[in-house]
Amino acid sequence: MTLLHINRLSHYFGGLKAVDTFNLTLNEGELIGLIGPNGAGKTTVFNLITGAYQASEGQILFRGEELIGKSPHAINRLGISRTFQTIRLWNMMSVLDNVKVAHHNMISYNLAEVFLHLGRYRRQEQEIEAHAMDLLRLFKLERYAREPVKNLPYGEQRRVEIVRALASRPKLLLLDEPAAGMNPYEISALLDFIQWIRDEFSLTICLIEHQMRLVMNICERITVLDFGATIAEGTPAEVRNNPQVIEAYLGEQTEEIL
Amino acid sequence: MDILNAIVGLLLEIINTVLQPILEQLAVIGFRESVVQFMLINAVLGLSIYLTLNTGLLSLANAGFMAIGAYVSVVLTMEGDLSFGLALICGALAAGLVAIPIGLPVLRLRNIYLAIATIGFGEIVRIVILNFDGLATSLLGPDEPYDFTHGARGINRIPKLTETAHLVLILLLLAFFMYRLNRSRMGRAMAAVRQDEKVAATLGIDVVYYKNLAFILGAIVAGTAGGLSGHATRVITPGDFGFGRAVDILAFAVLGGLSHWSGPVLGGMALKAIPERLRYLAEYTGALTGAILLLIIVYLPGGLISLLRPSYWREGGRFDLAKRLASVGMALVALVNILPYRDLGRSGGQVLSYELWGLIGLAAILAALYWISSRQPQPQGGYFALPLSVLAGALVVVLLVIGIFGLITDLSDGYYANLIGLVLVGIAGLITYPPEAVGTPDRPGSGAGEPLSRGV
């Protein structure tokens with residue numbers, strides 16, 4: 001079943017066409033890779049889906065609902081979460097609080113209840129605390145729960161960012177270069193990790209990545225962008241052998257890289 | 001309503017019993033009750049600026065909201081014969097109501113642009129109040145000329161209804177509110193918006209809503225402070241709530257720090273207490289207060305509140321700890337000995353003796369050298385290593401002499417502060433022993449202020 005359908009999406013920065021009639025269809029449970037040289041417009045596509053930018057032209061349908069024109073928090077509420085290319089955690093908060101903030105949509109108490117600790121406040125706070133701790137335990141981060149997030153090692157911060165994205169209970173998870181800054185050993189762990197969270201949380205995942213090993217190994221389909229336009233689409237094997245991709249993206253040393 | 005009145009009455013009585021002895025003690029060291037009242041009003045204002053700054057809004061509108069709260073509640077008690085409590089609530093709500101249409105367009109701006117727009121708002125409020133009588137008369141007809149705000153002359157002979165117990169009660173309530181707010185989804189969302197609003201938005205937080213909520217809550221708190229200060233002064237004029245006041249309120253947050261809501265509260269109280277303590281310096285009071293602010297920004301970017309954080313003392317190891325102990329001790333010893341407050345008001349402008357100025361100058365030069373050397377990493381046994389340990393040692397000795405001198409001559413009122421200062425300097429000396437290690441380069445700043453918000 002189609003979860004996300006992007007139809008002829010274009011976006012301009014002034015006179016620059018950052019995304020050019022881009023099409024993408026994501027089916028439920030799929031794991032898709034979005035690749036392309038630097039500046040190809042991959043992150044812009046993510047920003048358009050999550051509402052950080054308002055698209056100039058085209059359609060983004062999430063379970064049949066138009067996303068363009070919706071604000072980012074409303075889009076998150078529909079079930080889309082993302083991580084960022086550079087780690088963007090709220091550094092002055094603890095790990096637990098970072099995860100708790102992402103539970104925002106599951107809470108309905110009001111200011112009076114906060115002040116008087118009435119009714120829903122206690123119950124809902126306990127619920128989200130328990131849920132956040134469960135998530136942290138699942139990712140073996142519970143020992144850091146009260147630690148300021150800036151004190152964590154880089155790899156752990158990356159995982160906290162993914163936990164935080166999962167805490168808002170998304171259907172679709174957008175990962176922007178999850179392997180950035182990781183060594184080969186960590187990348188092979190990440191391979192299993194991404195597949196595991198997809199199955200565990202029954203997610204659909206779309207990821208941007210430069211690490212070919214990661215993309216070729218776990219993605220079921222790959223879309224290649226160059227100058228904002230799709231130049232190839234298909235299974236890893238198809239993309240690997242596509243002459244246009246080789247020319248635009250992988251250059252002359254294709255065989256050596258792959 | 002009666003039950004509410006009874007509860008408030010009882011609470012005020014309890015506060016009064018606790019408060020009276022404290023006030024008597026404060027009066028002995030030179031803080032009259034009116035000073036304490038304004039310290040508490042500043043504390044309330046500190047909470048209002050915290051609410052906006054903690055959501056990443058560099059807003060200077062608080063003085064304007066304070067003016068609205070002050071004028072509305074004063075007019076209501078004087079012309080409307082409303083009870084003080086009701087008038088206060090009306091003033092606060094009026095400020096909150098004005099904040100709604102202001103916030104919706106203005107809060108789209110960020111950082112310095114928001115500051116400029118809110119300064120504009122403050123000026124508009126001031127000018128509207130200045131011309132309110134004429135404005136109302138011309139709008140509503142000349143039959144019954146309005147005479148509420150009296151233009152630039154302001155409102156005189158305001159009944160002095162604000163009691164210290166009221167202020168303490170309101171501050172306690174607000175502090176309790178802040179405490180609970182920070183442990184709720186609203187408080188967490190506001191902190192998230194401050195630290196990275198784009199990320200907050202993609203994780204389901206309605207950034208516009210929370211910015212407006214913080215702005216309105218800040219306005220309500222500032223309005224309350226306005227009503228309280230209006231009934232504490234007897235006279236209010238539009239000029240009381242101008243640009244200067246807005247910057248003053250911002251300075252509370254700078255001095256106190258923003259990592260906790262008690263920071264601006266502390267900063268607000270200190271910024272009333274310090275000029276009061278320095279009153280005998282007459283026209284130099286402002287300059288010295290400014291210098292203190294400057295020193296805080298350079299040496300303690302996290303504000304006074306960062307001194308209360310255990311992590312601040314833990315980070316940086318024993319040399320940083322020693323430096324801080326020494327600086328706190330020096331400050332105590334210096335304040336007590338150099339700024340004699342015993343003769344407050346009586347002797348007027350007391351001139352410091354030349355010897356004392358000499359010592360201050362020497363201490364300043366030594367401290368500057370010490371600081372420069374600790375900023376630049378020196379190779380082992382480098383140029384600065386030995387002389388600086390000697391200089392630092394000399395500095396400690398000078399301060400010890402001043403402290404001991406103070407202990408002997410000033411037994412009556414400087415005794416404990418001198419003692420504490422000396423003990424701190426002594427501990428610092430013990431920690432930094434052996435002296436070669438004095439030149440150890442500083443660790444990168446701890447507890448430094450984080451940027452208010454990050455642009456997209």
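Keep in mind it's a predicted model, so treat the numbers as computed, not measured.

Right, let's get into the overall build of chain B. A count of helical and extended segments in chain B gives 18 helices and zero strands. Scored against the burial criterion, the 456 residues of chain B give a buried share of 47%. The contacts of chain B with a sequence gap of at least 6 include a subset with a gap of at least 24, amounting to 76%. Total accessible area on chain B is roughly 22,000 Å²; 70% of this is exposed by carbon and sulfur atoms.

It is worth spelling out the packing of helix α8 (residues 185-195) of chain B against helix α10 (residues 207-233) of chain B at this point. Residue and element names in this part refer to chain B. Closest axis-to-axis distance for the α8/α10 pair is 10 Å, and the angle between their directions is 105°. With respect to α10, the element α8 is oriented roughly perpendicular. Residue-level inspection shows R185, M186, A189, M190 and V193 of α8 in contact with α10, the latter providing V207, Y210, K211, L213, A214 and L217. Of the residues in the contact of α8 with α10, the class split is nine nonpolar, no polar and two charged.

To describe a pair of aromatic rings, one takes the distance between the centres and the angle between the planes. Residue and element names in this part refer to chain A. Enumeration over the complete set of coordinates arrives at 12 aromatic pairs over all chains. Where F139 meets F193, the ring centres are 5.5 Å apart and the plane angle is 80°; that geometry is what we call edge-to-face. Placement of the pair is F139 in the loop between α5 (120-138) and α6 (154-167) and F193 in helix α7 (residues 184-200), with a sequence separation of 54 residues. The burial state of F139 is the same as that of F193; both residues are buried.

On to the state of the cysteines. By the definition in use, this model includes zero disulfides over all chains. Lacking any disulfide linkage, A:C206 is separated from the closest cysteine sulfur, that of A:C219, by 8.2 Å.

Backbone-to-backbone hydrogen bonds join strands into a sheet, with any given pair of strands oriented parallel or antiparallel. Residues and elements named next belong to chain A. The sheet built from six strands is open, its strands ordered β6-β7-β8-β3-β9-β10 with mixed pairing. Of all the strands in the sheet, the pair left with one neighbour each is β6 (80-82) and β10 (229-234). Sheet twist, expressed as the mean angle between neighbouring strand axes with direction ignored, is 20°. Sheet contacts for α6: β6 and β7 (172-176); angle to β7, the most-contacted strand, approximately 155°.

Residue and element names in this part refer to chain B. At their nearest, the axes of helix α1 (residues 2-28) and helix α7 (residues 164-181) sit 9 Å apart, and the two run at 110° to each other. Relative to α7, the element α1 is oriented roughly perpendicular. Note on packing geometry: the crossing formed by α1 with α7 is right-handed. Note on element contacts: α7 touches α1 through T164, A165, H166, V168 and L169, opposite V8, L11, L12, I15, N16, L19 and L23. By residue class, the composition of the contact of α1 with α7 is nine nonpolar, three polar and no charged.

Moving on: unusual backbone geometry. Residues and elements named next belong to chain A. Residues other than glycine seldom take positive phi values, yet R63 does so here, at roughly 45°. As for its placement among the helices and strands, R63 is situated in the loop between β4 (57-62) and β5 (65-66). Despite not being glycine, K140 shows a phi value in the positive range, around 55°. Considering the arrangement of structural elements, one finds K140 in the loop between α5 and α6.

Right, let's get into the pattern of salt bridges. Within this structure, the stated rule accounts for 19 salt bridges over all chains. As a salt-bridge pair, B:K211 and B:E197 come within 3.0 Å of each other at their nearest N and O atoms. Note that B:K211 is positioned in helix α10 and B:E197 in helix α9 (residues 197-202), a separation of 14 residues in sequence. Across this residue pair, the class does not change: B:K211 and B:E197 are buried. Among the charged side chains, a network of salt bridges with common partners joins A:K100, A:E129 and A:R146.

Each value, and the rule that gives it
- Every chain's residues receive numbers from 1 upward, in the order its sequence appears when written.
- Chain letters start at A and ligand numbers start at 1, both assigned in the order the entries are written.
- Local features are withheld for residues below a pLDDT of 70 in this predicted model, meaning they are given only at 70 or higher, and side-chain atom pairs are given and counted only at 80 or more; totals for whole chains, interfaces and linings count all residues.
- Note that the side-chain values use all heavy atoms of the structure and ignore hydrogens as well as water.
- Secondary structure is summarised from DSSP: a helix means a run of H or I of at least four residues, a strand means a run of E of at least two, and numbering begins at the N terminus for each.
- The rule is simple: take the accessible area with a 1.4 Å probe, protein chains only, and divide by the maximum for that residue type; under 20% is buried, over 50% is exposed, in between is partly exposed.
- In what follows, residue pairs with any heavy atoms lying within 4.5 Å of each other are defined as contacts.
- For every accessible area listed, the method is Shrake-Rupley and the probe measures 1.4 Å; residues are considered covered only by the protein chains on display.
- Convention adopted: a line fitted to C-alpha atoms gives each axis, helices being fitted over their contacting stretch, and angles between N-to-C directions are expressed from 0 to 180 degrees.
- By definition in this entry, angles of less than 35 degrees are roughly parallel, angles greater than 145 are roughly antiparallel, angles of 65 to 115 are roughly perpendicular, and the rest are oblique.
- For this classification, Asp, Glu, Lys and Arg are treated as charged, while Ala, Val, Leu, Ile, Met, Phe, Trp, Tyr, Cys and Pro are nonpolar and the rest, including Gly, are polar.
- For this analysis, a ring pair means two rings from Phe, Tyr or Trp (six-membered ring only for Trp) whose centres lie within 6.5 Å, classed as stacked if their planes differ by under 30 degrees, edge-to-face if by over 60, and tilted for the remaining angles.
- Throughout, disulfides are identified as pairs of cysteine sulfur atoms within 2.5 Å of each other.
- Two strands are said to pair when DSSP picks up at least two bridges between them.
- Crossing handedness is defined as follows: a turn of the near helix away from the far one that is anticlockwise and smaller than a right angle gives a left-handed crossing, while the clockwise case is right-handed.
- A pair is scored as a salt bridge if a Lys or Arg side-chain nitrogen falls within 4 Å of a carboxyl oxygen belonging to Asp or Glu.

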